[in-house]
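Residue-level structural notes
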Amino acid sequence: MFINVLARVGRLILKEMLATLRDPKARIVLVLPPIIQVFIFSYAITQEVRNAPMAVLNRDTGIEGAALLKYMGRQPTFRNMFLVRNEQEIDTAIDQRKATAVMVIPPDFTRRLADSSPCPAQINLILDGRRPNASPILAGYIQRIVQNALLGSLREKGGHPSAIPGIDVVTRHWFNPNLIPRQSFLPGLICILCAVVGLNLSALAIARERELGTFEQLLVSPLTLPEILFGKAFTVVFLTSMTAGVLVVIIHFFFGITIKSSPFLFVVSIETFLLAIVGVGLFVSSLSMTQQQAILGAILVLPPATMLSGFATPIENMPGWLQMLTVANPLRWFLIIVKGLFMRGMSAAAVCENLIPLFVISAVTLTSAAYMFRKRME
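Residues numbered from 1 in each chain as written. Predicted model: local features only at pLDDT ≥ 70, side-chain atom pairs only at ≥ 80, totals over all residues. Heavy atoms only, no water.

**Thoughts on the overall build of the chain**
Here is the rule we go by: Helix numbers and strand numbers start at the N terminus; a helix is a DSSP run of H or I with at least 4 residues, a strand a run of E with at least 2. Each residue is assigned to one of three classes by its accessible area relative to the maximum for its type, calculated with a 1.4 Å probe on protein chains only: buried under 20%, partly exposed between the two thresholds, exposed over 50%. Any pair of residues with heavy atoms lying within 4.5 Å of one another is described as a contacting pair.
Scanning the chain from N- to C-terminus turns up 14 helices and five strands. Out of the 378 residues in the chain, the part that is buried amounts to 43%. Considering only contacts within the chain whose residues lie at least 6 apart along the sequence, 78% involve residues at least 24 apart.

Below is the structure:
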């Protein structure tokens, strides 16, 4: 009896394996996406901070301040280092994400190092608290680089390493001063969950009709192609927006994280973002004959989009060719907007600046979905 059961199960397993391996689409899904993703993820997922944008306000007119800047400019961690002239430019650099860190060298830096003052020289370090993972790492890099620079300067003058003058690096974080991961993580999580819900719902929209046999009924109905696509897209956008609203209420009442800017900007942003996601989902759905294929297609899209959004690791840590791919990722732009609205009260002008790529991506994805839908109908 048991042997017969094993034989039947074995034949079923063999049949399923042969059916899967004989299907060209299944072979592609099994081989190509994992190979592509392992290369993408190996470059995208890293906790190392490299090529971080950094601004410097040098108020010191002595040689030590200039020597420190020259030394830091040679470090691979700060390939994009630029000077600012005043506090207003510091605000702009941090607010617009042009700099993850700003180093302020005080006017008495060289004098305190030269006269071995009992009060050690200080360097003020301002970090972007919206990046609770990268900021502490970057602060540690800067402290080590400053100490190495002073040690090298002391050796050039013939001094002993034990005589290296004291120096304090005073760190201050903006927008998330206590570096609470939840304040940065939860707004980003809203973006990811909205993408998951919107993509899955839209990917199943047409595939479900085909699998249930009701797709032909839609085609012979009085509805035109734009009307069918609009009805399906509107439903997904509406339902996902309701999900986003519930998430915003939850993090507001349970975790005390609120929108520091206009809620209207958040509504406009999420609707634009969902249009782009729905376009991708409908494109996947138009290529799928069954719901299982649609789900697999959504799975192929979501992990790379998440990893290339800047949610887990900063985009500037990635290679240049990979950063170019992130431009076409709607999740990247929506993540910038949501974190800006929740953490620093992003202005309407800054929101519109990041909405422009979302509008372009939405137009491209929805047009591609309509074209593919019409082509499959013919």
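Moving on from the coordinates now.
**Concerning a nonpolar patch on the surface**
The cut-off we apply is this: Residues enter patches when their relative accessible area tops 30% and they take part in no salt bridge; the joining distance is 9 Å for like charges and 5 Å for the nonpolar side chains Val, Leu, Ile, Met, Phe, Trp and Tyr. Values of accessible area rely on a 1.4 Å probe in the Shrake-Rupley scheme; residue burial ignores everything except the protein chains shown. When a carboxyl oxygen of Asp or Glu lies within 4 Å of a side-chain nitrogen of Lys or Arg, that pair is called a salt bridge.
A cluster of nonpolar side chains, contributed by Leu201, Phe230, Phe234, Phe238, Leu239 and Met242, occupies part of the molecular surface with about 600 Å² of accessible area. For the nonpolar patch, the element with the highest residue contribution is helix α9 (residues 225-255), accounting for five residues. Secondary-structure assignment places phenylalanine 230 in helix α9.

**So, α9**
Using the following cut-off: Expected span of a helix, by definition, is 1.5 Å for each gap between consecutive residues, and there is one gap fewer than residues.
In this model α9 runs 44 Å from its N-terminal to its C-terminal C-alpha over 31 residues, within 8% of the 45 Å that 1.5 Å per residue would give. Downstream of α9 by a residue or two, glycine 256 has a phi angle that is positive, lying close to 70 degrees.

**Structural notes on the pattern of salt bridges**
Think of it this way: side chains of opposite charge can pair up when their charged atoms draw near. Tallied over the full model, the rule gives two salt bridges. In this structure, glutamate 87 and arginine 59 form a salt bridge, with 2.1 Å as the shortest nitrogen-oxygen distance. Here glutamate 87 is found in helix α4 (residues 87-95), whereas its partner arginine 59 is found in the loop between β1 (53-58) and α3 (63-73), with 28 residues between them in sequence. With a closest N to O distance of 2.7 Å, arginine 85 and glutamate 89 form a salt bridge. Judged by relative accessible area, which is 70%, arginine 85 ranks as exposed.

**Observations regarding the pairing of β1**
Defined as follows: The pairing criterion is simple: DSSP has to find at least two bridges between the two strands.
Counting buried residues along β1, five of its six residues qualify, which places the element largely inside the surrounding structure. Pairing geometry for β1 and strand β2 (residues 80-83), over four bridges, is parallel. What sits directly across from methionine 54, in β2, is methionine 81. Examined bridge by bridge, β1 and strand β3 (residues 101-105) share five bridges and lie parallel to one another. In the strand pairing of β3, alanine 55 is matched with valine 102.

**So, the confidence of the model for the chain**
Which entries qualify depends on this criterion: What pLDDT conveys is the predictor's confidence in a given residue, as a value from 0 to 100.
Overall, the predicted model of the chain reaches an average pLDDT of 77, with 76% of residues at or above 70. Ignoring residues within four places in sequence, the model shows residues 159-163, a span with pLDDT below 50, making six contacts including any to other chains.

**Observations concerning the packing of helix α10 (residues 263-287) against helix α13 (residues 330-343)**
For clarity, the cut-off: Helix axes are fitted to C-alpha atoms over the stretch in contact, other axes to C-alpha atoms as well, and angles between N-to-C directions run from 0 to 180 degrees. With respect to orientation, any angle under 35 degrees is reported as roughly parallel, any angle over 145 as roughly antiparallel, any angle of 65 to 115 as roughly perpendicular, and every other angle as oblique. Here is the rule for handedness: rotate from the far helix to the near one, and if that takes an anticlockwise turn smaller than a right angle the crossing is left-handed, while a clockwise turn gives right-handed.
Relative orientation of the contacting elements α10 and α13 amounts to 165 degrees, with a least axis distance of 10 Å. By the angle between their axes, α10 is roughly antiparallel relative to α13. In this structure, α10 meets α13 at a crossing whose hand is left-handed. Between α10 and α13, the residues in contact are Leu265, Phe266, Ser269, Ile270, Phe273, Ala276 and Ile277 and Pro330, Leu331, Phe334, Ile337, Val338, Leu341 and Phe342, respectively.

**Some thoughts on the nonpolar core**
We count it as follows: To qualify as a nonpolar core, a set must consist of buried Ala, Val, Leu, Ile, Met, Phe, Trp, Tyr and Cys residues joined through side-chain atoms within 4.5 Å.
Among the nonpolar cores identified, the biggest contains 54 residues, and Phe273, Leu282 and Phe342 are the most heavily contacted of them. Where this core is concerned, the elements lending two or more residues are α7 (181-212), α9, α10, α11 (291-307), α13 and α14 (348-377). It is α7 that contributes the most residues to this core, 12 residues altogether. For phenylalanine 273, the contacting residues outside a window of four places in its chain are Cys191, Cys194, Ala195, Pro330, Leu331, Phe334 and Leu358. Membership of the second largest hydrophobic core comes to 23 residues, among which are Val56, Ile123, Leu125 and Ile145.

**Digging into the packing of aromatic side chains**
For clarity, the cut-off: Only the six-membered ring of Trp is used, alongside the rings of Phe and Tyr, when aromatic pairs are assigned; centres must lie within 6.5 Å, and planes under 30 degrees apart are stacked while those over 60 apart are edge-to-face, with the rest tilted. Charges are assigned to positions over rings by a cutoff of 6 Å between ring centre and Lys NZ or Arg CZ, combined with an angular limit of 35 degrees from the ring normal.
Counted under the stated rule, the structure contains three aromatic pairs. Ring geometry for phenylalanine 266 versus phenylalanine 342: centroids 6.0 Å apart, planes at 90 degrees, classification edge-to-face. One end of the pair, phenylalanine 266, is in helix α10; the other, phenylalanine 342, is in helix α13, with 76 residues separating them in the sequence. Measuring from ring centre to ring centre gives 4.3 Å for phenylalanine 273 and phenylalanine 334, while their planes differ by 10 degrees; the resulting arrangement is stacked. Residue phenylalanine 273 is located in helix α10, and its partner phenylalanine 334 is located in helix α13; the two are separated by 61 residues in the primary sequence. Side by side, phenylalanine 273 and phenylalanine 334 carry an identical accessibility label, which is buried. Across from the ring centre of tryptophan 333, 4.4 Å away, lies the NZ or CZ of arginine 332, which sits over that ring.

**Quick look at the side chain of threonine 272**
The criterion, for reference: For the purposes of these results, a polar contact is taken to be a pair of N or O atoms within 3.5 Å, where, inside protein, one atom must be able to donate a hydrogen and its partner to accept one; residues adjacent in sequence count only when each atom of the pair is a side-chain atom.
Positionally, threonine 272 belongs in helix α10. A polar contact of 2.8 Å, which involves the side chain of threonine 272, links it to the backbone oxygen of valine 268. Not counting residues up to four positions away in its chain, the partners in contact with threonine 272 are Leu355, Leu358, Phe359 and Ser362.

**Observations regarding α4**
Put simply, the test is: In this description, one arc is meant: the one made by directions from the helix axis to the C-beta atoms.
When we look at burial in α4, the residues that qualify are Ile90, Ala93 and Ile94. Seen along its axis, α4 keeps its buried residues to an arc of 90 degrees; they face one direction.

**Observations regarding the side chain of threonine 326**
Relative to the assigned elements, threonine 326 resides in helix α12 (residues 320-326). In this structure threonine 326 comes out as buried when scored by relative accessible area, which is 0%. Here the side chain of threonine 326 touches arginine 332 through a polar contact of 2.8 Å, side chain to side chain. If near-sequence neighbours (up to four positions away) are discounted, threonine 326 is found in contact with Leu308, Ile315, Met318, Arg332 and Trp333.

**Here's the deal with the environment of serine 286**
Within the fold, serine 286 resides in helix α10. Judged by relative accessible area, serine 286 falls into the buried class, the value being 0%. Through-space distance from the C-alpha of serine 286 to that of phenylalanine 373 is 5.5 Å; in sequence the pair is 87 residues apart.

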